[in-house]
Each structure stands twice: as structure tokens, then as C-alpha cells.
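If you want the building blocks of each chain, they are given just below.
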Amino acid sequence: MIQFQNVSMAYPDGTVALREINLAIGDGEFVFLAGPSGAGKTTLTRLLLAEERVSSGQLEVNGFRLDRIRARQIPHLRRTMGVVFQDFKLFNKMTVYENVAFAMRVIGEQRAVIRKRVPFFLDVVGLGDKAKSFPEKLSGGEQQRVAFARALVNNPSLVIADEPTGNIDHILRDELLELLLRINKLGKTVLVVTHDEELLKRYRKRVIQLEKGRLVSDTAASGRTGETA
Ligand SMILES: Nc1ncnc2c1ncn2[C@@H]1O[C@H](COP(=O)(O)OP(=O)(O)OP(=O)(O)O)[C@@H](O)[C@H]1O
Ligand SMILES: [Mg+2]
């Protein structure tokens, strides 16, 4: 469960990235977060991770109140979610296997569990044969799939994917979206950040639209309802 109540967020330089956001996303939903460049999409995902704090308002995520969360609770919050960042954030000096295993090590997972689960999730994303490769030697789409495996490996209840702009082809992007839909069918909440209008039309899922930091529309999965602004 994600709930924003009158959430605003300004960066230290004074840029107001989000204004008075009211929004609820239930467990198990599949939601697209759309809007032009600079609208506040990545900022919203960074609030969910407690990488940034709200400036005002209330924000609840998976049972944690992020407007008043303590630093020592943040690792517990982050264990409930898996994230694919816009720039992937892979470690270039680690192999594909190590990149995924690292996410499990930081939360203190047992070695035997790591050895089982990493190859399993590399297979899930179709990279079973790339375990020993280094991220720099992979295509953009393959790097994204490593980021996916890493996001999924700790069995999160919320998966967030911030779509990279431009560097993956359409067929690959569709494959990744199908993967996210499968993940959603397993009962996980999925939030996909995208610029791509065509994607939104094709999949007919709930779409939350941001513009200049404001939530300008929220349409349900089956049709157009609930225009705000
Ligand atoms: N660290 C920062 N410090 C100051 N301003 C920032 C910072 N990061 C982002 N912003 C600003 O906040 C606003 C929202 O940025 P954000 O990255 O959330 O947009 P976005 O919707 O993800 O855009 P894109 O589609 O290009 O990824 C923009 O005006 C941006 O310039
Ligand atoms: Mg962004």
C-alpha cells in the first residue's frame, strides 16, 4: 500500500519537484507513472525509497510512515521493494552474478540461499549464460535485465521500474514489460515509470500522469475516469 496525502517535495536548491500529491496505490496493482521530462517521476520513486524526504504532507509505503521514518528503519523499508533505476546503477567491476548476489549479501542472506537464487533469477530474465560477464560488455537491454534480476532477487512486495530513455529497442522493451506483468500476476505491486504514450494505450493499465510536479490525471485500468486538475 502506497498513500500520498498532500505531499510536496522541494530539492535543497529550491526546485519544487512535487506539489500537493494525493494518491493511493493498493497492494497488487499495476500502475504506469507517466509525464514529460522533469515532471517529477523519478523524484516520486526516490520518495518511495526514502532516498529523498517529503517537504510536507504524509507518505505511507508498505506500513512505513516515510514523513517521519527513522534512519535505522530505512533498510527494513527497502527490503520490501525492488527497484530498476533509470541508469541501472550496476557495479562495473563486479560480474553479472556478483551484481545480483550483492543485493542479497547486503541484507545478510545465507550463502547457500544466494547460490541457489541468483542463477534462478538470471534465468528468469534470460541471462543464465552471462553470469560471468561484466556489465560494460553487455548491451543496454541486457544491463537492464541484470538490474531486473537484482530488483527481484529478495522477493519484494513492490517493484519499481524507472524506464531508461531511448537505449533499448521496442521488442526488448515489450519483453521487459511482459516480465513485469508476470511479476504483477504473482501478486506484487508494480510501478512502471514511462514516457511512452504508445505503451500506455496498448496495455490499458492504470495511468498516473504528472506534469510540472502536479498529478494531472489518474485513469483506471479499463477506461478514462477520475480526471483531477
Ligand atoms: N538533485 C536535484 N536537485 C535539484 N533539482 C532536481 C534534482 N533532481 C531533479 N531535480 C529537478 O526536479 C524536477 C523533477 O525531476 P525528476 O528527475 O523527478 O523528473 P522526471 O519526471 O523523472 O524526468 P525524466 O523523464 O527526464 O526522467 C526537475 O525540474 C528536475 O530538474
Ligand atoms: Mg526520471
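Residues numbered from 1 in each chain as written. Chains lettered and ligands numbered in written order. Predicted model: local features only at pLDDT ≥ 70, side-chain atom pairs only at ≥ 80, totals over all residues.

What follows deals with the sheet that holds strand 7 (residues 158-162). Overall, mixed pairing links the six strands, which are arranged 6-7-8-3-9-10 in an open sheet. Either end of the sheet is taken by a strand with one partner, and the two such strands are strand 6 (81-84) and strand 10 (214-219). Adjacent strand axes in the sheet meet at a mean angle of 15 degrees when their direction is disregarded. One ladder, built from four bridges, connects strand 3 (residues 30-34) with strand 9 (residues 206-211); its direction is parallel. What sits directly across from Phe 32, in strand 9, is Val 207. With respect to the sheet, helix 1 (residues 41-48) is in contact with strand 3, strand 7, strand 8 (189-194) and strand 9, its orientation differing from that of strand 7 by roughly 150 degrees. Each of strand 6 and strand 7 touches helix 5 (residues 140-152); the most contacted strand, strand 6, lies at about 170 degrees to it. (Pairing = 2+ DSSP bridges. Helix = DSSP H or I, 4+ residues; strand = E, 2+ residues; numbered from the N terminus. Axes fitted to C-alpha atoms, helices over the stretch in contact; angles between N-to-C directions. Contact = placed C-beta atoms within 7 Å.)

Relative to strand 2 (residues 16-25), strand 1 (residues 2-10) runs antiparallel, the two being bridged by six bridges. Residue Val 7 lies in a different strand from strand 2, and its bridge partner there is Ile 21.

What sets the pattern is the α-helix's 3.6 residues per turn: residues three or four places apart point alike. With 13 residues, helix 5 should reach 18 Å at 1.5 Å per residue; the first-to-last C-alpha distance of 19 Å fits that figure. Of all 13 residues making up helix 5, ten are buried, and the element is well covered by its neighbours. Here helix 5 has its buried residues at Gln 143, Gln 144, Arg 145, Val 146, Ala 147, Phe 148, Ala 149, Arg 150, Ala 151 and Leu 152. (Expected span 1.5 Å × (residues − 1). Buried ≥ 20, exposed ≤ 12 C-beta atoms within 10 Å, placed from the backbone.)

Its identity is not glycine, yet Ala 50 carries a phi of approximately 60 degrees, on the positive side. Accessibility expressed as a C-beta count within 10 Å gives 19 for Ala 50, which makes it partly exposed. The backbone of Lys 212 sits at a positive phi, close to 45 degrees, despite the residue not being glycine. Structurally, the position occupied by Lys 212 is in the loop between strand 9 and strand 10.

On to helix 4 (residues 111-124), then. Across its 14 residues, helix 4 extends 20 Å between first and last C-alpha, which sits within 8% of the 20 Å expected from 1.5 Å per residue. Listing the buried residues of helix 4 in full gives Val 118, Phe 121 and Leu 122. In the core, the buried residues of helix 4 are packed alongside helix 3 (96-105) and helix 5. Positioned one or two residues after helix 4, Gly 126 has a phi angle of 80 degrees, which is positive.

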